[in-house]
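Residues per chain, in single letters:
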Amino acid sequence: MAVAAPGQLNIEESPPSWGSRSVDCFEKLEQIGEGTYGQVFMAREISSSEIVALKKIRMDNEKEGFPITAIREIKILKKLQHENVIKLKEIVTSPGPETVEQKKADGNKYKGSIYMVFEYMDHDLTGLADRPGLRFTIPQIKCYMKQLLTGLHYCHVNQVLHRDIKGSNLLIDNEGRLKLADFGLARSFSNDHVGNLTNRVITLWYRPPELLLGATKYGPAVDMWSVGCIFGELLFGKAILTGKNEPEQLNKIFELCGSPDEVNWPGVSKIPWYNNFKPTRPMKRRIREVFRNFDRHALDLLDKMLTLDPAQRISAKDALDAEYFWTDPLPCDPRSLPKYESSHEFQTKKKRQQLRQNEEAAKRQKLAHPLPNSRLPPIQHPGQSHPSQWSAPNHPVNHSQSAMSSGPGHHHYGKPRGPPGGPNRYPPAGNQGVNYNPNRGGGATQVRGYAGGPYPTQGRPPSYGGGSMPPGPAGGPGATGGYGVGPSNFPQSNQYGGSTSNRSLNQMGNNRNQQYGWQQ
Ligand SMILES: Nc1ncnc2c1ncn2[C@@H]1O[C@H](COP(=O)(O)OP(=O)(O)OP(=O)(O)O)[C@@H](O)[C@H]1O
């Protein structure tokens, strides 16, 4: 790979000015992100005072020059111009070794830093949803989902797979606009020629069953599974499929979506690792049971997104056409959404860490100077129970202006912080068969475990050690969670509001045929 130097970035058709300016044209304000591929800073362009995001491309491990992930991201972002896709404004560099001697010692390789300059976004979805007390309203969820689907539909029509859809890659500004970001794992694809692609993409909790089963030929449906996971998370209040490793992730998928077989997923038995992972006994599909308190149209859409067979999974275009977006309460106008103080996952995580450290320090202090009765166990009042990990998470509220609740609720959207889910991830069986199609999920007995042995190693990098979370974008997040609640914990009233009105004008998209706002 060619070595990059200032002014010589070999990115096809990049504007002539790209790579020619120095990062010194910007004043770094604070770090807002730390990813696998580099740090992200909020910065101000000195000449214009414009606030931007600078993503520093990590070059530490790059013996070969400019990293391929960055080249892909730049190439793809140059091609995609859409209001729901993050805008890459420019590439800037910082000086490398000062002297000719230093350069020679480094084998003449450019050792400076390279930054991607993006429009600045106030929040990412994980950071925003993690704000204490925040509850998304239903029109707000619809508004975000509609923008997510619109951006993704645009990518798919332009033959780009994102391959890392998750909350921290969905950026939101204080005008309520949502944009897809982090195209470091994205790829162009072609409908007529499906080549072999890696299945080690998409963060574990959002990874679809076909990739977990080893498929190397896949398409836009992989992103739609991730969208389904985000949608479920937004409605449910916390992540819905939270495996600690790949086999556990598949098991959780099968427990919720039923086990795959040749009836509900023709061709599944030919996927490379199917035999290793097929459940020993059939499991039935339980989405409609587990989430039975969701609004009917929300549940219909979620069901179609979390369809095991990628060929039958709903597309972004069809999802945009779903009743959910065209019945009351309609998606709100993004500009009507409340403005929040900036919140990025990196910062909310840091704040939590700080809080934890403070708590531990306070505990230590208390131990050093105990109060007279502090060694007694806490008094348990009748009926008082520990807040359970299965306690009901926040649910969206059905009005558009009260997104900020003042209470001490914890919104667990995104990477949960608690211990791994206990055995009761699902509620006890009951109310079975609510809209359940027996052809989709096999028999009635639910089992855990796999028929096969360990996760196959053939054709893939070594598995993760000790059950710890896999690293990087293809790996899982650093903590685990679970559904954490059974249906009985859902409020029984229809919190999502009746979906009674007819399709009507949508505040975001005027009418159904003009909703995408772009041509192709
Ligand atoms: N344009 C932007 N405006 C504001 N914040 C941003 C912007 N781009 C990225 N961020 C913040 O930085 C975080 C990391 O960015 P990004 O995902 O692009 O980096 P990455 O190295 O690919 O991360 P990861 O390993 O998590 O995929 C985002 O989650 C977001 O909080």
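Note that this is a predicted model, so its numbers are computed, not measured. (Residues numbered from 1 in each chain as written. Predicted model: local features only at pLDDT ≥ 70, side-chain atom pairs only at ≥ 80, totals over all residues. Heavy atoms only, no water.)

Peer 1: Looking at this structure, how should I read unusual backbone geometry?
Peer 2: A negative phi angle is the norm for most residues apart from glycine, just as the trans form is the norm for most peptide bonds. With an omega of -5°, the peptide bond running from aspartate 328 to proline 329 counts as cis. With respect to the secondary-structure elements, proline 329 resides in the loop between helix 11 (316–320) and helix 12 (345–368). Unusually for a residue other than glycine, serine 49 sits at a positive phi of about 65°. Relative to the assigned elements, serine 49 resides in the loop between strand 3 (38–45) and strand 4 (51–57). (Helix = DSSP H or I, 4+ residues; strand = E, 2+ residues; numbered from the N terminus.)

Peer 1: Looking at this structure, I do not really get the domain arrangement of the protein. What am I missing?
Peer 2: Often the size quoted for an interface is simply the accessible area lost on bringing the parts together. Entries for the protein in the domain assignment read domain 1 (23–96 + 111–120) and domain 2 (124–345). Taking only C-alpha atoms, the centre of domain 1 and the centre of domain 2 are 27 Å apart. With 18 residues of domain 1 at the interface, the matching set in domain 2 holds 22 residues. Carbon and sulfur atoms make up 58% of the surface buried where domain 1 meets domain 2, a total of about 1800 Å² over both sides. Linking domain 1 with domain 2 are 2 salt bridges, by the criterion used here. Counting the contacts that link domain 1 with domain 2 gives 9 residue pairs in polar contact (both at pLDDT 80 or more). By residue number, the principal contributor to the side of domain 1 that touches domain 2 is helix 1 (residues 68–79), which donates 6 residues. Here the side of domain 1 that touches domain 2 is composed, by residue class, of 8 nonpolar, 4 polar and 6 charged. (Domains from an automatic or database assignment. Contact = heavy atoms within 4.5 Å. Buried area = accessible area lost by both parts, 1.4 Å probe. Salt bridge = Lys/Arg side-chain N within 4 Å of Asp/Glu carboxyl O. Polar contact = N/O pair within 3.5 Å; in protein donor to acceptor, adjacent residues only side chain to side chain. Nonpolar A, V, L, I, M, F, W, Y, C, P; charged D, E, K, R; others polar.)

Peer 1: Help me out: how do you make sense of the site of the ligand in this one?
Peer 2: Near the ligand, the surroundings consist of 22 residues, among which Thr36, Lys55, Asp124, Ser168 and Asp182 are the closest. Note that a nitrogen atom of the ligand is positioned 2.8 Å from one of the backbone N or O atoms of glutamate 119. At 2.9 Å, a side-chain N or O of asparagine 169 approaches an oxygen atom of the ligand. Protein coverage of the free-state accessible area of the ligand, which is 620 Å², stands at 93%. (Near = heavy atom within 4 Å. Areas by Shrake-Rupley, 256 points an atom, 1.4 Å probe, with all protein chains shown as cover.)

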